[in-house]
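Geometric and topological summary
One letter stands for each residue in the lines below.
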Amino acid sequence: MEEINKGRAPVSQKPHVIEKPKHPEYIGGSVKIQINEKDIVIPTGTTILEACRENNIHIPTLCHHPDLCVAGVCRLCVVEVEGMRTLQASCAFPITAPIKIHTSTAMVRKARKHIIDLLLSEHYGECYSCFRNNNCELQSLAKEYGVDHYNYGHITKPRFEIDNSSYSVVRDMDKCVLCKRCVRTCIDLQEVGVLEAIDRGDLTHIGTFFEKPLADVICINCGQCINRCPTGALRANDPRDEIWAAIDDPTKHVVIQTAPSPRAAIGEEFGLEPGNSLTGELNTALRRIGFDKVFDTNFTADLTIMEEGTELLLRLYKALVKGDKTAIVPQFTSCSPGWVKYLEHFYSEYVDNLSTAKSPQQMFGAIIKTFYAQEEKIDPKDIVTVAVMPCSAKKFECNRPEMTDSGFKDVDYGLTTRELAQMIKEAGIHLPEMPKSDFDDPFGNASGAGLIFGATGGVMEAALRTVIELITGNKVESIFENANILPIRGFEGVRYVELPITEVGSVPEILKHFFPDWNWLKGVTLKVAVAHGTANAKKVMEDIKAGGKFSECHFIEFMGCPGGCLGGGGQPIPTSAEIRAKRAEAIYKEEAELPIRKSHENPHVTYIYENFLNEGPCSHKSHELLHTHYVKRGKYIA
Amino acid sequence: MFVEEKTSLAVEIESLVKKYGNDRSALLTILHEIQKQHRYISDYAQQEIARHLNIHPVEVYSVISFYAFLNSEPKGRNIVRICRTVSCEMKGKEALEKAIERELGIRIGETTKDKKFTVEYANCLGLCDVAPAMSINDRVYTRLTPEKAVQLLNEVK
Amino acid sequence: MEIKKLERNGKIIFSEYKRGGGIIKALSMKRDEILFELKDSKLKGRGGAGFPTSTKWMLTAASISDEKYIICNADEGEPGTFKDRVLLSEYPELVFDGMVIGGYTIGAKLGIVYLRGEYEYLQKPLEDYLNEMREDNLLGKNILGKEGFDFDIEIFLGSGAYVCGEETALIESLEGNRGEARNRPPYPVNTGYNGKPTSVNNVETLATIPHIILKGAEWFRNTGTDKSSGSKLFSISGDCDKPGVYELPWGTTINELLDLVEAKNIKAVQIGGASGFCYPKSQFDRKLAYEDAATGGSIIIFNENRNMVSVLKNFMEFFVEESCGQCTPCRIGNTKLLEGVKQIEKGVHTFSYINKLRDLGKTMQVASKCGLGQSSPNAFISILDNFKDEVLNYNNGGANGRN
């Protein structure tokens, strides 16, 4: 399963490592306990909460999250342990002795009810005016414990200003219950460190450095905090109103592109189990909502592979053949805007390692407002491009001033999976019941390589499929069964793969003007790595800084979010390693069934290189439209 | 903030880090020293400290906001703390407080215009047997009367 | 300060002691002999919780680690407590000797005094005193010629947070974090400062130990009651003629204590500071002891003219501000209790709501994460219970004119 980073949180928030007791009775590392009069044997060190859950005993929790280390602050999970004067937080109590636990005594029930009452008394606002209505942990707890009125009053005036300075994340601290999941996400899981508890006592709240607006601190917009917030205190900056207005405006031609991860997860918003991909259904629903065209972001993912792959080969050629010291390797992927901003802040001296290729979202925006507008004879100023992304950082990305190469704002709105689900519901559509349909031409259905961009390792796998075939002339299938490059898959935080190039083929026509032959690659061992979640990215970056093995890599895929895009900050709530694994399964399953599974084999890609970007990848024109530059932001907060 | 000021502060922090180490456990000691020297810990100082200790600036800010004796905003040159705990309250804290407020023309929690005094409450100075008590900077004064307290303030430079 | 050291007298702590005496004796003993002597003395922690000191030291001594720490908890923040101030300013030899003995017994090389920020003026004299000890080889390498026993003491200045008196919050603070209590288990005796076994002891506990080592457990047990052996320092303030620090045997009744400090017309006594209980006149025959009216030493006396509602308000304001704010029952619970007191003050309360708050207080006592939240409703509940008429009918002349 996914490696969860334990980070640097104070010990009070860390899980406890319990040494095996020396008493002979426990030699096997197990201990016999009693929960609600029932005898149970569990491994020593299991927490009370784990023991209860494994035995189907429900314990309510709020500050506990499976991705995060223990906090033990909400106190909802308290239970009675015989012989102890006070109630114990079951999430934070590792069992090392044969204790007797009672999970539903009068005292326990009363305590939990009191805690819910207290949280509600300071929880400003009403459920029906909250985007988390019906998907709120506090609301569920109130229902579970039969709260039918405010026992200890209810706050009537807001105490905080809503911070919507950021394009991506909106903070409404009046809804915060101080579970500190966002703090643990930001400092521990992602190691970005924007949010912390500020002040103490009744003034305690979650804040930023000097209470600055989120846009002014080093937030990378990954939105992981949103995914783990139990209430509506954190949400994405929602452009639904503007999009509806564009749809309703007959002079506007509104096109939408959908990324693979939202398609694999949006079913969860409609009550489906995680792991059901609804690509075809979504296409139909989007047309019914009123989008004029529905495109597949995977098309530009394929294009990204061509551009980024060529860029990589060019860098390697420069470095290996020409001995050019300015050729910077390893090349880093640039499709995750959370990761890009992370690098710009924390390792700004390495921005030149980033591939200059834009992310698929931004490439598509530029292509739509140029090539597509031209082909369809629509004035690009009348085109509104919407991108459905699993991501909150994509909202920031499309607002970067650099992203206007078409002469317009390339992508007008980034929409998260959650927001799209909301729009579909508003249109009265129950998504799972929709008939399936295909994507619109001229971009049609893309390759499977683009599809697997959604999972960590996907970009690398897609790139390798293309690069291997372009270089060796052999089919990937001759090396990896079914073209599934399994070593690069999985959820391990950092993965490293070496691929020796033993034979080379002839250079394809499209690249001939760059490379006379591939002989210089013969005998080279291609070293690639994959990291997901910025905490893991940090490990790799520190290794590179120290001149470790990752500095020898040629190409590294970085994703800002744990699990890659499918675990993005715009995806349905809740999230967990299990849910992310199911989404990945859905993506790989859908991909395996596609007829075309390599970017360079996508006929639409070939078409665009023949008819629009006719000088090939990394040409002047493609640089103009499909490539970008980065900002050395640094860490200083002004 | 002027560039020179920043640089001298950076040098100062560097020497403190050298003295107390760059482990997080040195944080409070370093903050104390900066607080003592400058009467507050600026955003620049906080970021410098965070950089040296390899923690996030918001963590430094969070710690400072937690402790009553550390602050992120400039205060007066002299910090007056009036003990508000019950024993002092019983022995005339209110009269003391009112007298000081009148004399300085500010309320508790505020700083005088000339930045000479900041007056705050303290939660028990541990001088309950000789109440009421207050402290001016790191000196404590006991068995105060309003007159005596005001006189003490007048003696401060 | 006011009362000179020479004027103090008491059977144990304030009895005669010469610097280093306890250390010399301790170093002639084996470590388990010291532990058994302490066990025999039945010494319990003087900070208020009353955990047996010998057990704490035994657990720390038994933990296997190359690094261990002994921490002197001098974050004396409980309203009405000032005994540690007296000990540190007048009897540092007792405290530091106690720490050296502790270091020897549990196998620590470093002792840390967590001195509350409010006592900053004690830091310099204490540092000077430590230097003297170093000169006399009471600290440093091979102390008093004992091969391999290296021990030193550092002073760490707190920054104004009452909650740091809680031992795990204190350790968090030492490590440079917010003073937020940790989850337990594990306990500091296994996983304390820097993750190493750590014994956190109150100033007074440490100051008692050199005497026990010198004069023996039996001598110590001769004072006090069966369950509360020895004597206790009481910090007495409020409505009395002779406030100050007194050493009295455990088992002294409240009445005896009031006579001693010449307190007259007394209505109530708050025992244990803001986090303690408030006793009415009818209970003044109760004994100050772990088994009866337990306390860390703070005694605040209220005469008949005092208004218990404003006393309670003062306490609750204290907790609202000093709660670390991490756990729900303490952070919001105390705010609610304070709101209730303010309602009483304004006369807009209902009996049923105040009862609901009392009920909430009961939850806070069992569900809060640390001792602060668990003890913060004590004053609310005890004042409400013991002064019901006065409190609930405040502002309308008392119940049936009885007030």
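**Points about the pairing of strand β14 (residues 413-416) of chain A**
All names here are of chain A.
- For strand β13 (residues 383-389) and β14, the ladder comprises four bridges, and the chain directions are parallel. The residue bridging Val388 from the neighbouring strand is Leu415, located in β14.
- With helix α12 (residues 393-398) bridging β13 and its parallel neighbour β14, the resulting β-α-β unit is right-handed.

**A look at the confidence of the model for chain B**
- The share of residues in chain B with pLDDT of 70 or more is 97%, and the mean pLDDT across the chain is 93.
- Helix α1 (residues 3-20) of chain B is the least confidently modelled element of chain B, averaging 89 in pLDDT, while helix α4 (residues 57-66) of chain B averages 97, the highest of any element.

**Some points on the sheet that holds β14(A)**
Residues and elements named next belong to chain A.
- In spatial order, the strands read β11-β10-β13-β14; together these four strands make up an open sheet with parallel pairing. The strands lining the two open edges of the sheet, one partner per strand, are β11 (293-296) and β14. Going across the sheet, the axis of each strand differs from the next one's by a mean of 25°, ignoring polarity.
- Of the pairings in the sheet, the one linking strand β10 (residues 253-258) to β13 comprises six bridges and is parallel in character. The residue bridging Val255 from the neighbouring strand is Thr385, located in β13.
- Contacts from helix α9 (residues 297-321) reach β10, β11 and β13 within the one sheet, and its direction differs from that of β11 by about 35°.
- Across the face of the sheet, helix α11 (residues 360-376) comes into contact with β10, β11 and β13 while running at roughly 150° to β13.

**A few points about the domain arrangement of chain C**
Residues and elements named next belong to chain C.
- As far as domains go, chain C holds domain 1 (21-221), domain 2 (231-303) and domain 3 (308-400).
- Look at where the C-alpha atoms of domain 1 and domain 3 centre, and you get two points 34 Å apart.
- Of the residues lining the interface, twelve residues belong to domain 1; the matching set on domain 3 comes to nine residues.
- Both sides together, the interface formed by domain 1 and domain 3 hides about 900 Å², and carbon and sulfur atoms give 64% of it.
- Three residues stand out in domain 1 for area buried against domain 3, namely Tyr162, Val163 and Ala181, and they jointly supply 49% of the buried area on that side.

**Quick look at the domain arrangement of chain B**
- Domain annotation for chain B reports domain 1 (8-66) and domain 2 (78-156).
- Summarising the inter-unit geometry, the C-alpha centres of domain 1 of chain B and domain 2 of chain B are found 29 Å apart.

**Overview of the packing of aromatic side chains**
- Under the defined criterion, the tally for this structure stands at 42 aromatic pairs over all chains.
- Their ring planes at 70° and their centres at 5.3 Å tell us that Phe318(C) and Phe319(C) sit as a pair that is edge-to-face.
- The buried category is assigned to Phe318(C), whose relative accessible area is 3%.
- Relative accessible area serves as the criterion here: at 0%, Phe319(C) is assigned to the buried category.
- Site record: aromatic cluster; members linked through ring pairs are Phe295(A), Phe299(A), Phe364(A), Phe371(A), Tyr372(A), Phe443(A), Tyr607(A) and Phe612(A).
- Seen from the ring of Phe66(B), Arg200(A) lies directly overhead, with NZ or CZ sitting 5.9 Å from the centre.

**A short note on unusual backbone geometry**
Residues and elements named next belong to chain A.
- Note the cis peptide between Val329 and Pro330, where omega equals 0°.
- Take Pro330: it is sitting in the loop between α9 and β12 (331-332).
- The omega angle of the peptide bond from Asp441 to Pro442 is 10°, so this bond is cis rather than trans.
- Among the structural elements, Pro442 can be located in the loop between α13 (417-426) and α14 (448-451).
- Of note, the phi angle at Asn134 is positive, near 75°, even though the residue is not glycine.
- Among the structural elements, Asn134 can be located in the loop between α2 (106-121) and α3 (137-144).

**Examining the interface of chain A and chain C**
- The partner chain C presents 42 residues to the 44 residues of chain A that form the contact.
- Taken as a group, Leu118(A), Tyr152(A) and Arg200(A) account for 20% of the area that chain A buries against chain C, more than any other trio of residues on that side.
- Connecting chain A to chain C are three salt bridges.
- Our count for the contact surface shared by chain A and chain C stands at 21 residue pairs in polar contact (both at pLDDT 80 or more).
- The set of elements that each furnish at least two residues to the side of chain A that touches chain C consists of α2 and β7 (196-198) of chain A.
- Considering each element in turn, the side of chain A that touches chain C owes the most residues, eight residues, to α2(A).
- Of the residues in the side of chain A that touches chain C, the class split is 22 nonpolar, twelve polar and ten charged.

**Section: the environment of Arg85(C)**
Residue and element names in this part refer to chain C.
- The residue Arg85 is located in helix α4 (residues 83-90) in this model.
- Looking at Arg85, the relative accessible area reads 2%, which means it is buried.
- Between the C-alpha atom of Arg85 and that of Glu291, which follows or precedes it by 206 residues, the distance is 26 Å.

**Remarks on the interface of chain A and chain B**
- Listed per partner, the contact involves 21 residues of chain A and 21 residues of chain B.
- Overall, the association of chain A and chain B removes approximately 1,800 Å² of surface from exposure, summing both partners, and the carbon and sulfur fraction of that is 56%.
- Here chain A is connected to chain B by zero salt bridges.
- Sort the elements by how many residues they give to the side of chain A that touches chain B and β7(A) lands first, with three residues.
- Class assignment of the residues belonging to the side of chain A that touches chain B gives a composition of eleven nonpolar, three polar and seven charged.

Thresholds, definitions, all that
Residues numbered from 1 in each chain as written. Chains lettered and ligands numbered in written order. Predicted model: local features only at pLDDT ≥ 70, side-chain atom pairs only at ≥ 80, totals over all residues. Heavy atoms only, no water. Pairing = 2+ DSSP bridges. Helix = DSSP H or I, 4+ residues; strand = E, 2+ residues; numbered from the N terminus. Right-handed = clockwise from strand over helix to strand, strands pointing away. pLDDT = per-residue confidence, 0-100. Axes fitted to C-alpha atoms, helices over the stretch in contact; angles between N-to-C directions. Contact = heavy atoms within 4.5 Å. Domains from an automatic or database assignment. Buried area = accessible area lost by both parts, 1.4 Å probe. Phe/Tyr/Trp six-rings, centres within 6.5 Å; stacked < 30°, edge-to-face > 60°. Buried < 20%, exposed > 50% of the residue type's maximum accessible area, 1.4 Å probe, protein only. Lys NZ or Arg CZ within 6 Å of the ring centre and 35° of its normal. Salt bridge = Lys/Arg side-chain N within 4 Å of Asp/Glu carboxyl O. Polar contact = N/O pair within 3.5 Å; in protein donor to acceptor, adjacent residues only side chain to side chain. Nonpolar A, V, L, I, M, F, W, Y, C, P; charged D, E, K, R; others polar.

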